[in-house]
Every structure is written in C-alpha cells, then in structure tokens.
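# Observations on the three-dimensional arrangement
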Amino acid sequence: GQAGGRTMSKRTGSLTVAAALALLCLVALLPSTALGAEAPAWKLSVTSQPTHFIPGSSGDGSYLLIATNLGAKTASGAIKIEDILPPGIAPASVGAVSNDQNAADFDCAIDAIDDQKITCEGEGPVHPGYTVWAQIAVNVTAPEGALRTNEPEISGGGAASEKATTQTTISS
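If you're wondering where the values come from, they're calculated on a predicted model, not measured in any experiment. (Residues numbered from 1 in each chain as written. Predicted model: local features only at pLDDT ≥ 70, side-chain atom pairs only at ≥ 80, totals over all residues. Heavy atoms only, no water.)

### Some details on the packing of aromatic side chains
Heads up, the condition is: Note on aromatic pairs: the rings of Phe, Tyr and Trp (six-membered ring only in Trp) are paired at centre separations within 6.5 Å, and the planes decide the class, stacked below 30 degrees, edge-to-face beyond 60, tilted for the rest. Helical segments are the DSSP runs of H or I of at least four residues, strand segments are the runs of E of at least two, and each set is numbered from the N terminus. Residue exposure (1.4 Å probe, protein chains only): buried if accessible area is under 20% of the type maximum, exposed if over 50%, otherwise partly exposed.
This structure, assessed with the given rule, holds one aromatic pair. Both rings, one in Phe53 and one in Tyr63, keep their centres 5.2 Å apart while their planes meet at 75°; by these two values the pair is edge-to-face. Pair noted here: Phe53 is in strand β2 (residues 52–53) and Tyr63 is in strand β3 (residues 58–69), with a separation of ten residues, a long-range link. The exposure class of Phe53 is buried, given its relative accessible area of 1%.

### Quick look at the state of the cysteines
Condition: The disulfide definition used here is simple: a pair of cysteine sulfur atoms within 2.5 Å.
Taken as a whole and assessed by the stated rule, the structure comprises one disulfide. A sulfur-sulfur separation of 2.1 Å characterises the disulfide bridge that pairs Cys108 with Cys120. Between Cys108 and Cys120, the disulfide has an S-S torsion of 115° and is therefore right-handed. Highlighted residues: Cys108 in strand β6 (residues 107–110) and Cys120 in strand β7 (residues 117–123), separated in sequence by twelve residues. Accessibility expressed as a relative area gives 24% for Cys108, which makes it partly exposed.

### Let's talk about the nonpolar core
Just so we agree on the cut-off: By nonpolar core is meant a set of buried Ala, Val, Leu, Ile, Met, Phe, Trp, Tyr and Cys residues that side-chain atoms within 4.5 Å join together. When checking whether two residues touch, look at their non-hydrogen atoms; a contact exists if any pair is within 4.5 Å.
Core analysis: the biggest nonpolar cluster contains 29 residues, and Trp42, Tyr63, Leu65 and Val138 have the highest contact counts within it. For this core, the secondary structure elements donating two or more residues are β1 (42–49), β3, β4 (78–84), β5 (89–98), β7 and β8 (131–140). Looking at this core element by element, the count peaks at five residues for β8. Residues contacting Val138, with those up to four places away along its chain left out, are Phe53, Ser57, Ser58, Gly59, Asp60, Gly61, Ser62, Tyr63, Leu85, Ile89, Ala90 and Ala92.

Read these as spatial facts, not as claims about activity.
Structure (structure tokens):
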C-alpha cells in the first residue's frame, strides 16, 4: 500500500514536470504580441476605391487607409499619417477619424508646398483593437493604362512606423 502510494506520487510529479516543460515549449513558439508584449503596434492597409481610377475624374475615386492598433498597449500621444500620392493623382480632399471615442480629432491637410502630400495628425489614445481611418478623395490626370503605386505611412503613438502599398490602374 505505502510503496504503491509513493510510486503514484512520483509518477504524478513526473507528469506535472513534463506537462510544464511542454507548455513552456509551446509558449516559446508564440509571437511576442500573443505573450502580451507591452507595446502598441500599427497594422496599415491602403486600398483604392473603386479598384481603378478613371482618367480625368475629379474626386470620384479615393484611397482608404486603415490603421489598426494590434499591439497589447494603447497608442498614446501624437499620431501621424502621411501619404505622398503618385504622379498624376492629386488629393482633392482628405479626412481622418478613429473609432476610439477617447481619441482626439484628426486634423488633415494637403501640403502647401508639395500638393501631392497629405498629412493627418491627431492625439491618442487608440486602444488595442481600435482603428484610425483616413480617406483621400483624388483628382486623376494620369493617362489611360497607367499603373500608379501609393505607399502611405503611419507613425507615432509609441509604436514603430508602418507602411502599406497598393497599385491602382488608371482606366475608363
């Protein structure tokens, strides 16, 4: 009876240690954000709407930028979205907003010197899982058949900068 109890206790202890080691190995395979790394992290996407721009159009097409905080920590402080539009595509208007009701309004402007450049600036917080959207209505002077690449960037809020890229065909 007693010897069997000790054997059982040793087996249970061995299984517990083995299970703990297996769990540690699995945790080591997880990305740092899954482990709760204490930092905000931007994920930026950009799409053209519609998927192609019509040559000679004014304000009919737009770029939609979506920046989501995928990090484990709130993005706080100054946040900036910048986009220098490709040749033949000029900003007609621009605006930005966050779905985090605690975030300050974003002020957007077309640069006075470089009219291809837009900047949207605002203050956090942008909590994990929340998003900032920017929409840039465009005027198109690029010729039929042209392919244009746009690469906006988001920075600030305590997170590393993030860029995104999209290609847009100019066609009727």
